[in-house]
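Residues per chain, in single letters:
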Amino acid sequence: MEDLTKNGKALILAYDHGLEHGTVDFNDDSVDPEKILKIADCGFFTGVILQKGIVEKYYQKDNHKVSLIVKLNGKTNLLEDEPYSPQICSVSEAVSLGAKAVAYTVYIGSSFEAKMTSELAKIEEDCREHSLPLIGFMYPRGKAVSGKENTKEILAYAARIGLELGVEYIKIPYNHDPESFSWVVKSAGRVGVFVLGGAKVEEEVFLKTAKEIMEIDGVAGMVVGRNIWQSKNPLVTAEKLSKIIFK
Ligand code: FBP
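Parameters at a glance
- Position labels on residues start from 1 in each chain and follow its written sequence.
- In keeping with the model being predicted, local features are shown solely for residues with a pLDDT of at least 70 and side-chain atom pairs are shown and tallied solely at 80 or more, while totals for entire chains, interfaces and linings include all residues.
- Side-chain measures here rest on the full set of heavy atoms in the structure, leaving out hydrogens and waters.
- Accessible area is worked out with a 1.4 Å probe on protein chains only. A residue is then buried under 20% of its type maximum, exposed over 50%, and partly exposed in between.
- Numbering of helices and strands runs from the N terminus; a helix is a DSSP stretch of H or I covering at least four residues, while a strand is a stretch of E covering at least two.
- To be clear, the arc concerns the directions from the helix axis to the C-beta atoms.
- Residue contacts are defined here by distance: any two heavy atoms, one from each residue, within 4.5 Å place the two residues in contact.
- Strand pairing is defined by DSSP finding a minimum of two bridges between the two strands.
- To get an axis, fit a line to the C-alpha atoms, keeping to the stretch in contact for a helix; angles then go from 0 to 180 degrees between the N-to-C directions.
- Proximity is defined per residue: any heavy atom of the residue falling within 4 Å of a molecule or strand makes that residue near it.
- Distance and chemistry together define a polar contact, namely a pair of N or O atoms within 3.5 Å, with one atom able to donate a hydrogen and the other to accept it when in protein, and with adjacent residues in sequence counting only for side-chain atoms on both sides.
- Each residue is assigned to one of three groups, with Ala, Val, Leu, Ile, Met, Phe, Trp, Tyr, Cys and Pro labelled nonpolar, Asp, Glu, Lys and Arg labelled charged, and all others, Gly among them, labelled polar.
- Stacked, edge-to-face and tilted labels apply to pairs of Phe, Tyr and Trp rings (six-membered ring for Trp) whose centres lie within 6.5 Å, assigned for plane angles under 30 degrees, over 60, and everything in between, in that order.
- In this scheme, the term charge over a ring applies when either NZ of a lysine or CZ of an arginine sits within 6 Å of the ring centre and within 35 degrees of the ring normal.
- Classification remark: right-handed applies to a crossover when, strands pointing away from the viewer, the course from the first strand over the helix to the second runs clockwise.

A. Looking closely at helix H2 (residues 33-40). Every buried residue of H2 is accounted for by Pro33, Ile36, Leu37, Ile39 and Ala40. For H2, the arc enclosing every buried residue in end-on projection is 155°, short of the 170-degree limit, so these residues lie on one face. Here the buried face of H2 lies against strand E1 (10-14), strand E2 (47-50), helix H3 (52-58), helix H9 (226-229) and helix H10 (234-246).

B. Looking closely at the sheet that holds strand E3 (residues 68-71). What the 8 strands build is a closed barrel, ordered E1-E2-E3-E4-E5-E6-E7-E8; its pairing is parallel. Taking the axes of each pair of neighbouring strands and ignoring which way they run, one obtains an average angle of 25° across the sheet. Alignment of strand E5 (residues 134-140) against strand E6 (residues 169-172), held across 3 bridges, turns out to be parallel. In the strand pairing of E6, Phe137 is matched with Lys171. Docked against the sheet, H10 engages E1 and strand E8 (219-224), running at close to 145° with respect to E1.

C. Quick peek at the site of the ligand. Around the ligand there are 14 residues in total, and Asp16, His17, His21, Tyr139 and Lys171 lie nearest to it. Within the side chain of Tyr139, a nitrogen or oxygen atom sits 2.5 Å from an oxygen atom of the ligand. In the environment of the ligand, an oxygen atom lies 2.8 Å from a nitrogen or oxygen atom belonging to the backbone of Gly225. Tallying contributions element by element places helix H1 (residues 17-21) first for the shell around the ligand, with 3 residues. Residue classes in the shell around the ligand are distributed as 4 nonpolar, 5 polar and 5 charged.

D. Region of interest: the environment of Phe45. As for its position among the elements, Phe45 is in the loop between H2 and E2. Along the backbone, Phe45 and Val195 are 150 residues apart, and their C-alpha atoms lie at a distance of 15 Å. Not counting residues within four places of it along the chain, the set of residues in contact with Phe45 comprises Leu11, Ile12, Leu13, Ile39, Ala40, Val66, Ile228 and Ala238.

E. Molecular detail of the packing of aromatic side chains. In this structure the tally under the stated criterion is 8 aromatic pairs. Ring geometry for Tyr174 against Phe181: centres 5.1 Å apart, planes inclined by 80°, an arrangement best described as edge-to-face. Neither Tyr174 nor Phe181 differs from the other in exposure class; each is buried. One aromatic cluster is present, built from ring pairs that chain together Tyr15, Phe26 and Trp229. If you follow Lys6 out to its NZ or CZ, it ends over the ring of Phe246, 4.3 Å from the centre. Over the face of the ring belonging to Phe137 we find Lys171, whose NZ or CZ atom lies 3.6 Å from the ring centre.

F. Representation of the pairing of strand E7 (residues 192-196) in the model. With 4 of 5 residues buried, E7 is to be regarded as a mostly interior element. Read as a crossover between parallel neighbours, the route from E6 over helix H7 (residues 178-187) to E7 is right-handed. As paired elements, E7 and E8 share 4 bridges and run parallel to each other. Note that in E8 the partner of Val195 across the bridge is Met222. Considered for its hand, the β-α-β crossover made up of E7, helix H8 (residues 203-214) and E8 is right-handed.

G. The arrangement of unusual backbone geometry in detail. Despite not being glycine, Asn7 shows a phi value in the positive range, around 50°. If you check the backbone angles, His176 has positive phi at about 60° while not being a glycine. One can find His176 in the loop between E6 and H7. Given a relative accessible area of 54%, His176 falls into the exposed group.

Distances and angles like these do not, on their own, reveal function.
Structure (structure tokens):
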């Protein structure tokens, strides 16, 4: 099975925001996938997460050295219903595009949760056949968890669901409480835990949080988008972050 880590840790660049948020996150540079792939290829990242349309038009498996992670589902933020993120790419399609891993979001607590867990179960089976690591984005979101998304209990439940469903890694939000988050990591068992970056904050604040996260025993790395490519100097921020992740 492909390894997404370097010395046991991963730093992955996320760039699936165009589908999830529209273009509001982008400026003249970050709207261009080619520029993002240059950042991803700079040597500080162990992977880049893209939707298949971007891969087809911008990622050449022989030219790009950063490992490709294809996102298999996605949704817009235009509807206010309970969140459901449909599968839009198969595992075999991702493999043919050069994927070294795939990712899939489950909204834990959504009334469509069962639909997503069963799609994920089928994907997990396909991943095993292809020896492909699967990253479950386990996001508590929806009516059943409203107001409790960042609690120790719900985050640990989301992490545990990743273990029970058979993913290799989970990506999960951080609740800014190292003590309770260490229970979240423990609950994931042998599943590698990646923490997501979140909306852009001051670089200093972001790096301080990253340090706090990476000091939690068992955290396997971070998946970051906006705090890298919305930075004034993405490569400088990436280098500083990589020193924290791989130190
Ligand atoms: P960021 O580091 O920019 O937060 O990226 C992580 C990510 O999970 C992306 O993969 C995804 O597009 C986005 O955040 C989802 O954002 P939201 O929390 O608004 O659904």
